[in-house]
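Next come the chains, spelled out residue by residue.
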Amino acid sequence: MVLQILSTCQKVVSQAKDVQINSSNIPELALKIHTLIEEDKLTLDEFKKCPLHPKNEDEEAINWIFIVDSLNYCFFDPNNKSHWSITWKNEKHTGYFGLCAAINRAIEKGINMTDMNTCLELTRQQLDEILLGDDGATLPLLQERYLCLQQSADVLLKKYKGNFVNCILESNHSAQNLLEIISENFFHFRDESIYNNQPVAIYKRAQILIADIWSSFRGSGFGEFHDIDTLTMFADYRVPQVLLYFGILKYSDDLKDTLKQGILLEHGAPEEVEIRAASIVAVNDIVNEVKKLMAKKNVHKICNSIMVDTYLWGYRRENAAMLEDTPYHKTLNIYY
């Protein structure tokens, strides 16, 4: 399954018309990432450092991650000019962090979002209230989010005793096995497209769910996966934007014009598949380059696509103003 992600994406890159990978710009970024890893400034502790994430390492923390990642997608709304944010403990949060804050706020109010019976019994109106942003701003795809939450809770109760830990135990410490369990049981994680009549596997959210558990447990206990390095990056909106900024991705003039005009791409459109596939392949190439540098300098530390993705995603948030003029694609869908 995981190997199919990289191989199907490599096929897309070899046939792509609007997106190319500029390999000559990879070494410079790889050196930057290598230095951060060498100096312990980029580690698998990044997840734990976030005050919104669980500090405990138990089954409740795993169910929290599962529920958050069941709802973790599409935080922009082209039809709503109000910017969605959640204020929790006197701090404003947007995007994914806003979602974490919303779930934490609900738990604080006595709605046990780590209990699957509670999640299954929530009405659409109750979920809307949990996700209601500051100044009455709302998220798009609210009905889809409600259905995702319902399905996640229902399947987990019927097949896994209401506990995502049982999915992990069934995987036998294999990220690939867990990816298969998630994609087979939960339709909203089944992120696939067709390109030139060939299936393309992306699985952004299923992989990020596994990666979040790995990071949260620092690669041990429930977070131990012997094949974690086979996961790819998580193909979303923002990491491709950073890769474009660094000159590692190159877009055709037509595609750049489309994006600059703010025209939405359909999920599964050729250009959208090319952007996501090229991002996956490019990050894999960056990882390989970092590992070469590590071998040369005899550095024995972890580097994989998860960590490179974490760095690139964080780079965009920290340098949002600087990347303002770098176009990025948008699409309304449940997959990222």
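Owing to the predicted nature of the structure, the values given are computational and were not obtained by experimental measurement. (Residues numbered from 1 in each chain as written. Predicted model: local features only at pLDDT ≥ 70, side-chain atom pairs only at ≥ 80, totals over all residues. Heavy atoms only, no water.)

Student: Explain the nonpolar core here, please?
Tutor: Nonpolar side chains tend to gather and get buried jointly when the protein is soluble and globular. Of all hydrophobic cores here, the largest spans 114 residues; its most connected members are Phe164, Ile286 and Leu312. Looking at this core element by element, the count peaks at 13 residues for helix H14 (residues 270-297). Core analysis: the second largest hydrophobic core is formed by nine residues, Cys74, Phe76, Cys148 and Tyr237 among them. (Core = buried A, V, L, I, M, F, W, Y, C linked by side-chain atoms within 4.5 Å. Buried < 20%, exposed > 50% of the residue type's maximum accessible area, 1.4 Å probe, protein only. Helix = DSSP H or I, 4+ residues; strand = E, 2+ residues; numbered from the N terminus.)

Student: Which parts of the structure should I look at to understand helix H11 (residues 204-216)?
Tutor: Owing to its 3.6 residues per turn, the α-helix brings residues three or four apart onto one side. Taking 1.5 Å of rise per residue, 13 residues should cover 18 Å, and H11 covers 18 Å from first to last C-alpha, within 8% of that figure. Judged by how many residues are buried, H11 sits mostly within the fold: 13 of 13 residues are covered. Looking one or two residues past H11, Arg218 carries a phi angle of roughly 50 degrees, positive in sign. (Expected span 1.5 Å × (residues − 1).)

Student: Even after reading the chapter, I still don't get the pattern of salt bridges, so can you show me in this structure?
Tutor: Two side chains carrying opposite charge are able to pair once their charged atoms lie near each other. Summed over the entire model, instances satisfying the criterion amount to 13 salt bridges. In this structure, Asp45 and Arg218 form a salt bridge, with 2.9 Å as the shortest nitrogen-oxygen distance. One end of the pair, Asp45, is in the loop between helix H2 (26-38) and helix H3 (46-49); the other, Arg218, is in the loop between H11 and helix H12 (238-245), and 173 residues separate them in sequence. Overall, the relative accessible area of 27% leaves Asp45 in the partly exposed class. Among the ionic contacts, a cluster of salt bridges with common partners joins Asp45, Lys48, Glu57 and Arg218. (Salt bridge = Lys/Arg side-chain N within 4 Å of Asp/Glu carboxyl O.)

Student: Please clarify how the environment of Ser305 should be interpreted in this entry.
Tutor: Within the secondary structure, Ser305 sits in helix H15 (residues 305-318). The class for Ser305 is buried, based on a relative accessible area of 3%. Other than its neighbours up to four places away in sequence, Ser305 contacts Leu231, Thr232, Met233, Val283, Asn284 and Val287. (Contact = heavy atoms within 4.5 Å.)

Student: Help me understand the packing of aromatic side chains, please; the structure alone is not making it clear to me.
Tutor: Given two aromatic rings, their pairing is described by the distance between the two centres and the angle made by the two planes. This model, assessed by the stated rule, comprises 14 aromatic pairs. For the pair Phe76 and Tyr237, a centre-to-centre distance of 5.6 Å together with 90 degrees between the ring planes defines the contact as edge-to-face. Placement of Phe76 in the loop between helix H4 (59-71) and strand E2 (85-88) and of Tyr237 in the loop between H11 and H12 is noted, with a sequence separation of 161 residues between them. Tyr237 matches Phe76 in its accessibility class, with the two residues each being buried. Relative to Tyr336, the ring of Tyr237 lies with its centre 4.9 Å away and its plane at 50 degrees, an arrangement referred to as tilted. One end of the pair, Tyr237, is in the loop between H11 and H12; the other, Tyr336, is in the segment after H15, with 99 residues separating them in the sequence. Comparing Tyr237 with Tyr336 shows no difference in burial state: the two are buried. Connected via pairs of aromatic rings, a cluster forms that spans Phe66, Phe164, Phe186 and Phe189. We note Arg205 situated over the ring of Phe189; from NZ or CZ to the ring centre the distance is 4.6 Å. In this arrangement the basic side chain of Arg238 is found over the ring face of Tyr328, its NZ or CZ atom lying 3.9 Å from the centre. (Phe/Tyr/Trp six-rings, centres within 6.5 Å; stacked < 30°, edge-to-face > 60°. Lys NZ or Arg CZ within 6 Å of the ring centre and 35° of its normal.)

Student: What should I look at first to understand the pairing of strand E3 (residues 91-94) in this one?
Tutor: Regular strands have side chains that alternate between both faces of the sheet. One ladder, built from four bridges, connects E2 with E3; its direction is antiparallel. Among the inter-strand pairings, Thr87 is bridged to a residue of E3, identified as Lys92. With antiparallel pairing between neighbouring strands as the criterion, E2 and E3 make up a hairpin whose turn holds two residues, including Lys89 at a positive phi of roughly 55 degrees. (Pairing = 2+ DSSP bridges.)

Student: It is not clear to me how the packing of H2 against H15 should be interpreted in this structure. Could you clarify?
Tutor: The angle between the axes and the distance between the axes are what describe a pair of packed helices. Two elements in contact, H2 and H15, have axes separated by 11 Å at closest approach and are oriented at 100 degrees. The orientation of H2 with respect to H15, classified from their angle, is roughly perpendicular. From H2, Leu29, Lys32, Ile33, Leu36 and Ile37 reach across to H15, where they touch Met307, Val308, Tyr311 and Leu312. In terms of residue class, the contact of H2 with H15 is made up of eight nonpolar, no polar and one charged. (Axes fitted to C-alpha atoms, helices over the stretch in contact; angles between N-to-C directions. Parallel < 35°, antiparallel > 145°, perpendicular 65-115°, else oblique. Nonpolar A, V, L, I, M, F, W, Y, C, P; charged D, E, K, R; others polar.)

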